[in-house]
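Per-entry structural report
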Amino acid sequence: MRIAIAGAGLLGRLLALELSGKGHQVEVFDAARDAGPRETSGTEGAAWTAAGMLSPVAELDRGNDDVFRLGLRSCALWPGIAQAIGMPGVCHFDGSLLVAHRADAGAAQRLVGLLQAKADAGYQPEALSVDALAALEGSVHGPSLAWLLPCEGYVEVHNTLHALHAQGERQGVRWHWDCPVQRADGGVLEVGRAGETEVRRFDHVFDVRGVGARPQLPVRGVRGEIFLLHAPDVDLSRPLRLMHPRHSVYIVPRPDRYFVVGASEIESEDRSSVSLRSTLELLSAAHSAIPALAEARVIHTESNLRPALPDNLPLLEQGAGCTRINGLYRHGWLLAPALVEQAVQGLAA
Ligand SMILES: Cc1cc2nc3c(=O)[nH]c(=O)nc-3n(C[C@H](O)[C@H](O)[C@H](O)COP(=O)(O)OP(=O)(O)OC[C@H]3O[C@@H](n4cnc5c(N)ncnc54)[C@H](O)[C@@H]3O)c2cc1C
């Protein structure tokens, strides 16, 4: 089949990999100037800003059973994707940590109780003593309550996005940059800048433009801010979430002792620079869990919008000649492989 994909973010790249791997002729259209990273391409794609946590259990705090099951399926699929793009080391599944300070024990116990009630047997948080925590992650000092979520992990987002693009190219995908899509409907894409568009016809189109899919979908952007730190003295091999009554803060490793600290969650489509309040709250919370972060260097800060639908749940809508996937919200890296699998199976049916 001749297939068009509107949007070369996370979903678009995964779809391109899968569909070209099955022998389809695939063309991808994106408004960005080039394949990335975000700083040079001017893309507004959320995928570049994400921390890349793969947290089916911890996300039960906000998600429902569908998010949990899709998340587990994606965790099973990620190693095969990493292999297919020639980067087997790009995803990590050594578990993740939930930690809390003694003063926040009430909030932490409530959250862990919720996760225990919602997660299936075999995926329950495992309580850790302070000594067990120290043995796992030597740089964590301060939190006296800790749980390990053994099935969780993270993916290196930038390396993965680059490798998905490169592998797509090797499989014959045609990437069209600086090519905004105004409309995606059954077998049709309207591409180009407003006032100078052309209609292109395909056997099937996929609309995965994230926040850019308006007005065809009622998607909104939810602002999130992150910090990239370099801390050569810090040892942290697993994502760590600090439970706190006011904000949820996580620290996620990246290669070469870089760490992402995130993330605010603000109901606003403001893409401006990170705020002083978020800087103070997120970084002081991170420092309270890993004191050695005091000497970290702040390499980069970034804000972006998570694409969310009114119910904050993912949408996979398959009609004649057109498939739409959107609303991946705060769990896009967690959900995308499973949703892409379903969408590709739906195309063949
Ligand atoms: C701060 C932050 C932290 C996050 N952390 C995590 C995390 O730890 N774990 C996790 O699972 N998820 C996380 N996410 C969520 C995740 O990044 C998103 O859910 C995911 O990127 C959504 O993927 P997508 O392909 O739908 O959209 P995007 O990745 O946003 O891609 C959309 C693409 O469409 C293109 N586009 C837009 N409009 C048009 C147009 N008109 N024409 C053509 N192309 C267009 C854009 O340029 C972009 O390339 C985080 C998000 C943020 C902002």
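What counts and what doesn't
Residues numbered from 1 in each chain as written. Predicted model: local features only at pLDDT ≥ 70, side-chain atom pairs only at ≥ 80, totals over all residues. Heavy atoms only, no water. Near = heavy atom within 4 Å. Polar contact = N/O pair within 3.5 Å; in protein donor to acceptor, adjacent residues only side chain to side chain. Areas by Shrake-Rupley, 256 points an atom, 1.4 Å probe, with all protein chains shown as cover. Helix = DSSP H or I, 4+ residues; strand = E, 2+ residues; numbered from the N terminus. Buried < 20%, exposed > 50% of the residue type's maximum accessible area, 1.4 Å probe, protein only. Contact = heavy atoms within 4.5 Å. Domains from an automatic or database assignment. Buried area = accessible area lost by both parts, 1.4 Å probe. Salt bridge = Lys/Arg side-chain N within 4 Å of Asp/Glu carboxyl O. Nonpolar A, V, L, I, M, F, W, Y, C, P; charged D, E, K, R; others polar.

Regarding the site of the ligand
Taken together, 35 residues sit near the ligand, with Asp30, Thr43, Ala46, Val181 and Tyr329 positioned nearest. One of the backbone N or O atoms of His331 is found 3.5 Å from an oxygen atom in the ligand. In the environment of the ligand, an oxygen atom lies 2.9 Å from a nitrogen or oxygen atom belonging to the backbone of Leu334. For the ligand, whose accessible area on its own is 1000 Å², the fraction buried by protein is 94%.

Considerations on the environment of His230
Structurally, the position occupied by His230 is in strand S14 (residues 220-230). A relative accessible area of 22% places His230 in the partly exposed class. Each residue touching His230, except ones within four places of it in the same chain, is listed here: Asp256, Arg257, Tyr258, Ala296, Arg297 and Ile299. At 3.3 Å, the side chain of His230 forms a polar contact with the backbone oxygen of Asp256.

A word on the domain arrangement of the protein chain
Assigned domains within the protein chain: domain 1 (2-50 + 158-219 + 310-348) and domain 2 (96-150 + 221-308). Using only C-alpha atoms to locate each centre, domain 1 and domain 2 end up separated by 30 Å. Contacts between the two partners involve 22 residues from domain 1 and, on the opposite side, 17 residues from domain 2. A buried area of about 1600 Å², summed over both sides, lies between domain 1 and domain 2, and 45% of it is on carbon and sulfur atoms. Where domain 1 packs against domain 2, one counts four salt bridges. A salt bridge links Arg330 to Glu265; the shortest N-O distance between them is 2.6 Å. Here domain 1 is connected to domain 2 by 12 residue pairs in polar contact (both at pLDDT 80 or more). Those elements that place two or more of their residues in the side of domain 1 that touches domain 2 are helix H2 (38-41) and helix H6 (157-170). Along the lines of polarity and charge, the residues of the side of domain 1 that touches domain 2 split into nine nonpolar, eight polar and five charged.

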